[in-house]
Amino acid sequence: MAEIGTAPLVATSNIVNQTGSLMMMYLTTLTLHNVTENTIHPGGGIDEKCYGMFGCFGIDKEWTSARRPIALHPQTVSEIDARFAVFNADNRTYPNFLDNTFLDAEVDEIRGAGVITRWINPNATIYFITHGFLESGKTKWIERMLNLLLNRDQNATVIVIDWGRGSNPPYNQACANIRLVGAITAHIIDKIKKVLGLPNLDRVHLIGHSLGSHLSGYAGHALIEVFQEKLGRITGLDPAELAFTEQDARVRLDPSDAKFVDIVHSDSTPFVPHIGLGLFEPIGHVDFYPNGGSDQPGCRHDFWKHADTRFVTNMFQFFSCSHSRAYEYFIESLEPGRRPTVGVSCSSYDRYLLGHCYDCARLPHRCVRFGLDSEQDYRRMTEQRQGPIQLYFRTAAKAPFLMPNYRLTVVLSNSTDSRKHGPEVGRIVLQLQSTDGVRSDKVFFNDDVIMFEPGHRYTAVVMVMRSGPDGRQESYDVARTSTIAVSWEYETSLLNPLSWRLIATPRVYLESLTLQPVTGTGRDTPSLTLCPSRNTPINSIGQTVLEQSKCSPVHG
């Protein structure tokens, strides 16, 4: 078999991430009724179009619904021109390509040429990465991800699925095209399995963003239907919502498409009613919802206020920001030396933020590491728990995003002075200091003002960060904390009599403050309890210092 050829994969630079133009996705769809009206089949009649070895595709039945009113056939194989670029640790710049020549050749002929075994290691993981709407395989985030995967496993192979020519508007055409690209991908994977003599597909892992998530699902479904084979894993990075929410399992990515399906939800906030860039509904064995799965911190909401030459850029950054955070978080989790971020199972993100779900050491079935290790944790916990799992964690507003989450418990004193003063409305602000003088950034126990009452206990999940030597934020080492300086932020409202303080200084009386990782305590992550001097209030005039030595034995 002749070698299929090589070509450089050069990262493209755009004003903004191309998936940022997903705002156009919705605007384009609004006009599609006039453009493609003749392709809709209200009667649900059979309307199939065939694509040679890749099979026939209908647009009736589950492919047309109230939430998916416009059904199109895929474009032709040549029009989409899907390309499969093969990278390994020794070849990261000029990939080899798998194309129709590879599919048409006999297995023995390919083996005899000995080419594929030089490109793909049969004894290591084979990753496939694919993009979404308005992108291509040359996008910068794919380059970053493939390099980190190869750094992590020098024996691995990364194959980039580039269907860029089929990802252009209209959006519904791109949705149709991924059905065919998924089928092509299934044939590529089956051929690789046969050529390399793989016993199964357990070490084949597909990673897709947005529409690429559902493309991966179509590939998994085709492998089951056509070849009676099942993928080891699919990772869906904020699977596209429009035309996929509340749909039949065949239409979207589904847990049945692979032995393990993990999902990262980052942009389920609708920018018009019931339409968001990413799905909110859980569709995997494990579904991660960083920051609740929507409205990611650090993504600007006020782009419309800046009437300057960057308005269009700001607008696209706004509409792409949360959607792209899914792959930003996943890429960051691959960086060497990074402490794993752990998602904690909870009935809702609000309950997680209130500190009601924590302590993985005591309840390991409630916690799964985010990133590549999630499969290992899920396999370990299946004996204890069945069914899909929704997990939560908080991130920082800027890179590095993945920071340890801590459960902070504040106990207000029930002393005579505390009861006499009564409740207060405001915020508790902390700053930690280590034994060698390193200070954390300010930590807000509560972002919004709330009422604190004497004798009550309050909990919240926070992150503790500091400015590193290079000015970038980094995680603060809580275990080395010697003191915590606490202050009170107070706001007066004419509408709230409880905030009126005409004579007395606004203050609260703390009994203790406890900081512990949500993942549970251990030798390297102890629980930390500090207290103020007895009957010393926390006020808005200055900081009150808390120390472990000031705690009574019951708190020690």
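Quick note: structure is the one above.
Structural notes, computed from the coordinates. (Residues numbered from 1 in each chain as written. Predicted model: local features only at pLDDT ≥ 70, side-chain atom pairs only at ≥ 80, totals over all residues. Heavy atoms only, no water.)

## Observations regarding the side chain of His-205
- Assignment of secondary structure puts His-205 in strand 7 (residues 201-209).
- The exposure class assigned to His-205 is buried, which follows from its relative accessible area of 4%.
- Contacts of His-205, omitting those with residues within four sequence positions, involve Thr-125, Ile-126, Tyr-127, Phe-128, Arg-233, Ile-234, Thr-235 and Leu-372. (Helix = DSSP H or I, 4+ residues; strand = E, 2+ residues; numbered from the N terminus. Buried < 20%, exposed > 50% of the residue type's maximum accessible area, 1.4 Å probe, protein only. Contact = heavy atoms within 4.5 Å.)

## Some points on the environment of Leu-354
- Residue placement: Leu-354 occurs in the loop between helix 10 (349-353) and strand 14 (367-369).
- For Leu-354, a relative accessible area of 45% gives the class partly exposed.
- Taking C-alpha positions, Leu-354 is 8.2 Å from Tyr-458, a pair spaced 104 residues apart along the chain.
- Sequence-distant contacts of Leu-354, that is, excluding residues within four places in its chain, are made with Thr-459 and Ala-460.

## Observations regarding the sheet that holds strand 26 (residues 528-530)
- Pairing is antiparallel in the open sheet, where four strands are placed in the order 20-16-25-26. Each of the sheet's edge strands pairs with one partner strand only, and the pair in question is strand 20 (457-462) and strand 26. The average angle at which neighbouring strand axes cross in this sheet is 15°, direction not considered.
- Judged from the three bridges that link them, strand 25 (residues 510-517) and strand 26 form a sheet pairing that is antiparallel. For Leu-515, the partnering residue across the bridge sits in strand 26 and is Leu-528. (Pairing = 2+ DSSP bridges. Axes fitted to C-alpha atoms, helices over the stretch in contact; angles between N-to-C directions.)

## Considerations on the packing of aromatic side chains
- Applying the stated criterion across every chain yields a total of 17 aromatic pairs.
- Measuring from centroid to centroid gives 5.9 Å for Tyr-349 and Tyr-392, while their planes differ by 35°, and the two rings are tilted. Here Tyr-349 is found in helix 10, whereas its partner Tyr-392 is found in strand 15 (residues 389-393), with 43 residues between them in sequence.
- An aromatic cluster is defined as three or more aromatic residues linked by ring pairs; in this entry it consists of Phe-280, Tyr-289, Tyr-349, Tyr-352 and Tyr-392.
- For Arg-407, the ring lying beneath its charged end belongs to Tyr-358, and the centroid distance is 3.9 Å. (Phe/Tyr/Trp six-rings, centres within 6.5 Å; stacked < 30°, edge-to-face > 60°. Lys NZ or Arg CZ within 6 Å of the ring centre and 35° of its normal.)

## Structural notes on the pairing of strand 6 (residues 157-162)
- The element strand 6 is extensively covered by neighbouring structure, given that six of its six residues are classed as buried.
- Neither face of strand 6 is exposed, since Thr-157, Ile-159 and Ile-161 on one face and Val-158, Val-160 and Asp-162 on the opposite face are all buried.
- Sheet analysis places strand 3 (residues 83-88) next to strand 6, joined by six bridges and oriented antiparallel. Residue pairing for strand 6: Val-86 is matched across the bridge by Ile-159.
- Bridge count between strand 5 (residues 126-130) and strand 6: five bridges; the pairing is parallel. If you follow Tyr-127 over to strand 6, its bridge partner there is Val-158.

## As for the state of the cysteines
- All told, the structure shown has five disulfides when counted by the stated rule.
- Bridging Cys-346 to Cys-357, the disulfide has an S-S length of 1.9 Å. When the S-S torsion is 55°, as for the bridge of Cys-346 with Cys-357, the disulfide is right-handed. Residue Cys-346 is found in the loop between strand 13 (342-345) and helix 10, and its partner Cys-357 is found in the loop between helix 10 and strand 14; the two are separated by 11 residues along the sequence.
- Residue Cys-346 is classed as buried on the basis of its relative accessible area, which comes to 9%.
- Counting only the cysteines that take part in disulfides, in the order they occur along the chain, gives the pairing 1-2, 3-4, 5-6, 7-8, 9-10. (Disulfide = S-S within 2.5 Å.)

## A word on the side chain of Arg-325
- Here Arg-325 is to be found in helix 9 (residues 311-333).
- This buried residue, Arg-325, is left without a salt bridge; Glu-328 holds the nearest opposite charge, at 6.6 Å.
- Those residues in contact with Arg-325, other than ones at most four positions away along the chain, are Ser-266, Gln-296, Pro-297, Gly-298, Cys-299, Ala-397 and Phe-401. (Lys, Arg positive; Asp, Glu negative; His and termini not counted. Salt bridge = Lys/Arg side-chain N within 4 Å of Asp/Glu carboxyl O.)

## Some points on helix 11 (residues 374-381)
- For helix 11, the complete set of buried residues consists of Ser-374, Asp-377, Tyr-378 and Met-381. Buried residues along helix 11 cover an arc of 100° about the axis, so they all sit on one side.
- Check the buried side of helix 11 and you find it contacts strand 8 (231-237), strand 9 (258-264), strand 12 (286-290), strand 14 and strand 15. (Arc of directions from axis to C-beta.)

Nothing here speaks to function; it is all geometry.
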